[in-house]
Amino acid sequence: MSGEPLAVHPLTFVRQTRGWGKAEFARLMQAHGMSLGIPLATNRTTVWKWEQGQEPDGAAQRVLADLLRVPSQEVSAQAWPKWLPVWELTGLAAPWTAAGTVEALADLVGTGRLDRRGFLTITGTALTGLAASWADAPSAFASALKGDRVTDTMVSTIEKRVGTLRTLDDQLGGAGLLEQARGDLALITRLLSASRYTDDTCVRLYALAARVAHLTGWMAYDAGLRSAGQRYYVGALRSARTAGDNAFGAFTLAEMGVHVSEAGRTAERVDLISTAIDNAPRTLPPSTQSFLFLHKAEALSRDGDHRRAGTALNRAATLWECHTAEDSPDWLDWFGEAQLRSTEGKVLLRSGQVERATRSLQISVRSAAPRDQAVRSSRLAEARLAGGDLEGALDAANYGAELLEETVSSTRALNRLKEFSARLEAHGSAPAVREFRERLQELPS
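The structure presented is a predicted model; accordingly, all values stated were derived computationally and were not measured.

Peer 1: Which parts of the structure should I look at to understand the overall build of the protein chain?
Peer 2: The helix and strand inventory of the protein chain stands at 22 helices and zero strands. Looking at the protein chain as a whole, 53% of its 445 residues are labelled buried. Accessible surface, the protein chain: about 19,500 Å² in total, of which carbon and sulfur atoms supply 49%.

Printed below as a string of structure tokens:
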């Protein structure tokens, strides 16, 4: 599986989930077309062109739809490639039970590498329905009746390994660590499905599955694989619910909102964080509440509601002032002043408060872990540029580029530097701008 290429088009995803190579798929298309009385000259090159963006003609689409058993009315109602059956996910359809969670995790272990780049998979009613299902679902689990017994020592060993992986992600970025995280999730899924354990160990395993699925989704997102990242988050949400850990479930919903808002679906993020806050345990410690309200501020800010965003931001800051080091759950021990200042800076920048935004972003970059420094340097550069400080903006952007050259692997950070570069058009003739853009082009993708 480690050598399998990632999908870049929905048709690629269809092929890979069925185990068809390009040449085999072309032969299947020809044979199926012949059975329908529709002659096709489909070959490997034809398939390659389709997956690069060329639209198949009407005859080929009719044959493909029949081959995949997609009703003709669905093909007529959706433009290519929207009618392809790639949005039917086990994580959305499986029942909210222990067995349904294991089914969703097993499906994720088998196909989680496949990412439909450019196609945000879970949006609209599917996304809001998922959030509502999480809020309503019972916490249910049952001990397995076969396989070896899982001991406390085994679970503790995996927990420590996952903690180390999370620390490495902060330092190096998620792109180079994805395979390790996927391997850990596969191991936990096998333990859940084929081992014996006590009820207490069962809860720990599902809680651990939630942590690892979220971490894997975060790494996928950091590597630019948004669709795959979403699917891992669904696995995390289900596992947390099965373990009865609604605090982590609310945290996961908040994180899922980042994906949809960056795809321009800002109102959906507001809905997600509202569901998370409304259904989170009333006993959440101040640090976790602060995290949730910080996400609410960011969601409202992206949706253009700057007044309510400011109110949520103040609530997050007040809650953070009330926190103690002991009250934060272990899965939120990375959250702190740097994250608060980062979101504060973004919210202030969108509302036109450039000077205050710049100060907040400077604090955030200075106090963040290396990967977050690489990501946030572009936002600081944007704020300085908005304030008329081209030299300072380039200093921040070059600092991010230096981190990507030397230690950090983050597609997200690289993409944000590219977005900043596009803002430099008015200064394109300046030597320092040309040097930065040349440096950016040399960074590994």
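Peer 1: So what exactly am I meant to see when it comes to helix α13 (residues 246-262) here?
Peer 2: Each α-helix winds once per 3.6 residues, and so residues spaced three or four apart point in a common direction. Between its first and last C-alpha, α13 extends 25 Å over 17 residues, near the 24 Å set by a 1.5 Å rise per residue. Most of α13 sits inside the fold, with 16 of its 17 residues counted as buried. Two residues or fewer after α13 comes Gly264, characterised by a positive phi angle close to 90 degrees.

Peer 1: Would you explain helix α14 (residues 266-279) in this entry?
Peer 2: Compared with an ideal rise of 1.5 Å per residue, which puts 14 residues at 20 Å, α14 spans 20 Å between its outermost C-alpha atoms and is within 8% of the ideal. Buried within α14 are the following residues: Thr266, Glu268, Arg269, Val270, Leu272, Ile273, Ala276 and Ile277.

Peer 1: What should I look at first to understand the pattern of salt bridges in this one?
Peer 2: Where side chains of opposite charge bring their charged atoms close, a pairing between them can arise. Following the criterion strictly, the structure yields 26 salt bridges and no others. For Glu51, the salt bridge goes to Arg15, with nearest N and O atoms at 2.5 Å. Of this pair, Glu51 sits in helix α3 (residues 44-51) while Arg15 sits in helix α1 (residues 10-18), placing them 36 residues apart in sequence. For the residue pair Glu51 and Arg15, the accessibility class agrees, reading buried in each case. Measuring nitrogen to oxygen at the nearest pair gives 2.4 Å for the salt bridge that ties Asp184 to Arg161. Of this pair, Asp184 sits in helix α10 (residues 178-194) while Arg161 sits in helix α9 (residues 152-172), placing them 23 residues apart in sequence. A residue is classified by how much of its surface remains accessible, and Arg161, at 43% relative accessible area, is partly exposed.

Peer 1: Any chance you could explain the packing of aromatic side chains here in plain terms?
Peer 2: Two aromatic rings are characterised by how far apart their centres lie and by the angle between their planes. Tallied over the full model, the rule gives eleven aromatic pairs. Residues Phe248 and Trp331 carry aromatic rings whose centres are separated by 5.1 Å and whose planes lie at 85 degrees to one another, so their mutual orientation is edge-to-face. You can see Phe248 sitting in helix α13 and its partner Trp331 sitting in the loop between α16 (306-321) and α17 (337-350), a full 83 residues away along the chain. Of the two residues, Phe248 and Trp331, both sit in the buried class. Every member of this aromatic cluster is reached through a ring pair, and the members are Phe248, Phe251, Phe291, Trp320, Trp331, Trp334 and Phe335. Directly above the aromatic system of Phe248 lies the positively charged group of Arg211, at a separation of 4.5 Å from the ring centroid. Directly above the aromatic system of Phe293 lies the positively charged group of Arg315, at a separation of 4.4 Å from the ring centroid.

Peer 1: Can you help me understand unusual backbone geometry in this one?
Peer 2: Negative phi values dominate among residues other than glycine, just as trans dominates among peptide bonds. Cis geometry marks the peptide bond from Trp80 to Pro81; its omega dihedral reads 0 degrees. Relative to the assigned elements, Pro81 resides in the loop between α5 (72-77) and α6 (90-93). Positive phi, normally seen in glycine, also occurs at Arg69, with a value near 60 degrees. Structurally, Arg69 can be placed in the loop between α4 (58-67) and α5.

Peer 1: Help me understand the side chain of Arg376, please; the structure alone is not making it clear to me.
Peer 2: Tracing the backbone through its elements, the reader meets Arg376 in helix α19 (residues 370-386). Note on Arg376: relative accessible area 11%, which makes it buried. Here Ser364 takes part through its side chain, which lies 3.2 Å from a polar atom of the side chain of Arg376.

Peer 1: Can you help me understand the confidence of the model for the protein chain in this one?
Peer 2: When pLDDT drops low, the exact placement of atoms in the prediction is not to be read closely. With 87% of its residues at a pLDDT of 70 or more, the protein chain has an overall mean of 86. Mean pLDDT across the elements of the protein chain bottoms out in helix α8 (residues 124-136) (61) and peaks in helix α15 (residues 286-302) (97). In this model, residues 1-8 is a region of pLDDT below 50 whose contacts with residues beyond four sequence positions or in other chains number 22 contacts. Every residue in residues 140-146 scores below 50 in pLDDT, and together they form 25 contacts with partners more than four places removed in sequence or on other chains.

Cut-offs and rules
- Residues numbered from 1 in each chain as written.
- Predicted model: local features only at pLDDT ≥ 70, side-chain atom pairs only at ≥ 80, totals over all residues.
- Heavy atoms only, no water.
- Helix = DSSP H or I, 4+ residues; strand = E, 2+ residues; numbered from the N terminus.
- Buried < 20%, exposed > 50% of the residue type's maximum accessible area, 1.4 Å probe, protein only.
- Areas by Shrake-Rupley, 256 points an atom, 1.4 Å probe, with all protein chains shown as cover.
- Expected span 1.5 Å × (residues − 1).
- Salt bridge = Lys/Arg side-chain N within 4 Å of Asp/Glu carboxyl O.
- Phe/Tyr/Trp six-rings, centres within 6.5 Å; stacked < 30°, edge-to-face > 60°.
- Lys NZ or Arg CZ within 6 Å of the ring centre and 35° of its normal.
- Polar contact = N/O pair within 3.5 Å; in protein donor to acceptor, adjacent residues only side chain to side chain.
- pLDDT = per-residue confidence, 0-100.
- Contact = heavy atoms within 4.5 Å.

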